Amino acid sequence: MPVTATQQELVQGGSLQRVVPRARLHGMGLTEREREILDLERTWWQETGAKADMVRERFGLSNTRYYQLLNELLDAPDAMAYDPLTVRRLRRVRVQRRRARFEGRPAGGERGR
């Protein structure tokens, strides 16, 4: 199984412990869970129920952790190779939201500016 940014190793320094995320190894392919995350992002709106409930049920993750993993996944070349349309759409949404936060306006604000 490839090492991903989602896997973590425990680093101990005396009595102090901290968690350090590992970097994704390029070219190692996506894990099954990473493919399932992209699949959910591609189709969640076609299913009934809240997306947050689907995330909790399928992956056992909080919304916050799910979006952290998704954000890391969007930068992976293997994710782009697996589902380019979904990854490009989600990257576009991410840029729009970042821009909106920077400009101090809602993410769903006016377009074409």
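Structure first, text after, so check above.
Residues numbered from 1 in each chain as written. Predicted model: local features only at pLDDT ≥ 70, side-chain atom pairs only at ≥ 80, totals over all residues. Heavy atoms only, no water.

A.B. asks: I would appreciate a short explanation of the side chain of threonine 86 in the present structure.
C.D. replies: Structurally, threonine 86 is set in helix H5 (residues 84-103). Accessibility expressed as a relative area gives 3% for threonine 86, which makes it buried. In terms of polar contacts, threonine 86 uses its side chain to reach the side chain of aspartate 83, at 2.9 Å. What threonine 86 contacts, discounting residues up to four positions off in sequence, is Leu38, Glu41 and Arg42. (Helix = DSSP H or I, 4+ residues; strand = E, 2+ residues; numbered from the N terminus. Buried < 20%, exposed > 50% of the residue type's maximum accessible area, 1.4 Å probe, protein only. Polar contact = N/O pair within 3.5 Å; in protein donor to acceptor, adjacent residues only side chain to side chain. Contact = heavy atoms within 4.5 Å.)

A.B. asks: Even after reading the chapter, I still don't get H5, so can you show me in this structure?
C.D. replies: An α-helix turns once per 3.6 residues; consequently, residues spaced three or four apart project the same way. For H5, built from 20 residues, the straight-helix expectation of 28 Å at 1.5 Å per residue is met to within 8% by its first-to-last C-alpha distance of 28 Å. Along H5, the positions that sit buried rather than exposed are Thr86, Val87, Leu90, Arg94 and Ala100. Taken around the axis of H5, the buried residues stretch over an arc of 155°, which confines them to a single face. Away from the buried face of H5 by more than 90 degrees, exposed residues Leu85, Arg92 and Phe102 are located. Among the structural elements, helix H1 (32-43), helix H3 (63-74) and helix H4 (77-82) are those in contact with the buried residues of H5. (Expected span 1.5 Å × (residues − 1). Arc of directions from axis to C-beta.)

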